[in-house]
Structure formats: C-alpha cells, structure tokens
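Structural features, examined
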Amino acid sequence: MTTPRAVIVHRASELTELLARHGTRGQVAFFLDQRGQSLAAVEKRHERTRAALAEVSAGLPLDWRRAMVERSELSRFVFEPDDVVLVVGQDGLVANAAKYLGVQPVIGIDPLPGVNPGVLVPHTPSAGVALAVAASEGTAAVCERVMVQVRTDDGQSLTALNEVMIGQPGHQSARYTLEVDGRSERQSSSGVIVSTGTGSTGWCASIARIQAPRLPLPTPTESALAWFVREAWPSPSTGADLFAGRLDNGELTLRVESDRLVAFGDGMEDDRLVLSWGQRVSVGVAERTLRTVTG
C-alpha cells in the first residue's frame, strides 16, 4: 500500500507580498502608515498563518509523504490521485485549487478565524489533521460540490468551483449571441457569469440581489447553475431581455462576435481560455465534483 501524501496548499501572506514589493520592513511600515494601516496588524496575521501551517505540518503522521504548494504554483504542480489536500487560507484558495483536482479529498483549514467567512475553510488546524487521517482511511464524511465547466467548439475546456466569467479581458463591451432555454439574443455587455451553488454564496450573491432577487439559487450539491449577464446594453442591434436565470438541465451557449474574449474561473484571469470571433462556447455542469471533507 502506498504511503499517503498530504499536499498543503497555501498563499503568500500580505507581509510576504509587501516585502517583495517594498524591500524592507521599514519601507512596508511607511507604506502602510501613509494609508492609515498598521504593520503590526499585518505581522499578526502573518504569524497566525505561519503558526497554522506549522501546526498542520507537525500534526501529520510521521510516515506520510508531504508537499507544500503556493497558490501561484498550482497550475504547475502535479497532484496524485491518492493525495489528501489540506488548504490553509481563505475560502477562495479552495476554489483556486479546485480546478486542478479530481478525486482527491480537500480539507479547508482557516488560519484566521473571524476574518474569513469559513464556508470552504471551516476547520481548525488540529481538526483538519484528524480529518486528513480519516480521509486517507476512507472514513471521513464528504460533500460532493458541483462544479461548472466551459467548453469550446475546438476542444478547449476549463472547470471552476464558484463561477466562470466570459467577457473582454479589459472588461470592455463583449459582443456575442446568447442561447439559453430555447431563447436567443444578440447582446453587448460587460460579460456573462455562470455560478454554482457554492459560488452563489460569494460574488454571485451580490449580483443576484441586484439583478434577480427572486431567483432561487442552487445549493452546493445541486446539479444546477445560475447565470447572469452584466450590464447588457439595449440598442438597435442588441437586446437585454435575457439577463438572469437557472440552468437545471442543458447548457448556456455563446457565439462570440468580438475579436477577442476570455473565459476564466474563480477570479484566476491569468489561467484562461482565449475565444475568437465565431467560436461557440458552451457552459454547463461539470462531470466531476470537488470532494470537500466535512467531518
């Protein structure tokens, strides 16, 4: 039997990023002070996150293999099917890792209770380690979270946990023809967002409140999606009647009518599909789910 491997996913702290930009703690302190912020608060969050990472690493069984992966390295890291993935950080970091995973169980660990919502990182470091052992033995309770997938007519694909966004890379007007639920409309808008039930508690919660407050959003395990068109512009050649809805079955389709659009998931715009004029893009429920460990 193969020795289990724990993969600890984390993100560079605010302090690490500020030091990379400004060079020294003194310069960071000056930068923050000019903006009414405190270096001490940033250092405290940094130390709490380091302590959580150290507790997770030290608590894992001694005979386990282990790997540490920073958020920016996710697209280059090779996950193994039997990995147990421990995400230590914000809720969004689980979504960032999700697109690179398959059947691996994921345990979200919150290093800053009271700062993060904790929807996807509900566990303490000690509880997360105990769940990692249970997950490796197949005894942990798992939530199968539905994911969303974009597919193009030339074989490209992209999967996300929260939502996908299709639009102009510079967030200018995107032109396309939208087809959904047997209806079709040529549109010019700021883009189209398609959300899962997990994503409906995040960014899409605010979009739904403005555009479709009565739309019943899906749950995380429901095989359904919600879609929204951002700022559709009614003109002699474009409409704005199709602006929000649910996908309980089937897909939402766009035919690109701009020189260059992009599709990306969970805010990771650098990891995207580039779409060209005339290309057909379909969005629907992904075949795979994200297996988050609940207990």
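Everything that follows concerns the structure shown earlier in this document.
We now turn to the structure provided with this report.

What to know about the sheet that holds strand β15 (residues 272-276)
If you trace the six strands from one edge of the open sheet to the other, you get β12-β11-β10-β7-β14-β15, paired in antiparallel fashion. Of all strands in the sheet, those bounded by a partner on one side alone are β12 (244-247) and β15. Across the sheet, the mean angle separating the axes of adjacent strands is 20 degrees when strand polarity is ignored. Pairing of strand β10 (residues 191-195) with strand β11 (residues 225-230), which is carried by five bridges, proceeds in the antiparallel orientation. Paired with I193 across the strands is F228, a residue of β11. Strand contacts of helix α6 (residues 203-211): β7 (163-167), β10 and β11, with the helix running at about 65 degrees to β11, the strand carrying the most contacts.

Notes on the nonpolar core
One finds V164, L178, V194, W227, L252, L275 and V283 to be the most contacted residues of the largest nonpolar core, which totals 26 residues. Considering each element in turn, this core owes the most residues, four residues, to strand β8 (residues 174-180). Beyond its immediate sequence surroundings of up to four residues, V194 is in contact with V148, N162, E163, V164, L225, A226, W227, L247, L252 and V283. Counting 20 residues, the second largest nonpolar core, distinct from the first, contains V87, L93, A95 and V106.

Calculation rules
- Residues numbered from 1 in each chain as written.
- Predicted model: local features only at pLDDT ≥ 70, side-chain atom pairs only at ≥ 80, totals over all residues.
- Heavy atoms only, no water.
- Pairing = 2+ DSSP bridges.
- Helix = DSSP H or I, 4+ residues; strand = E, 2+ residues; numbered from the N terminus.
- Axes fitted to C-alpha atoms, helices over the stretch in contact; angles between N-to-C directions.
- Contact = heavy atoms within 4.5 Å.
- Core = buried A, V, L, I, M, F, W, Y, C linked by side-chain atoms within 4.5 Å.
- Buried < 20%, exposed > 50% of the residue type's maximum accessible area, 1.4 Å probe, protein only.

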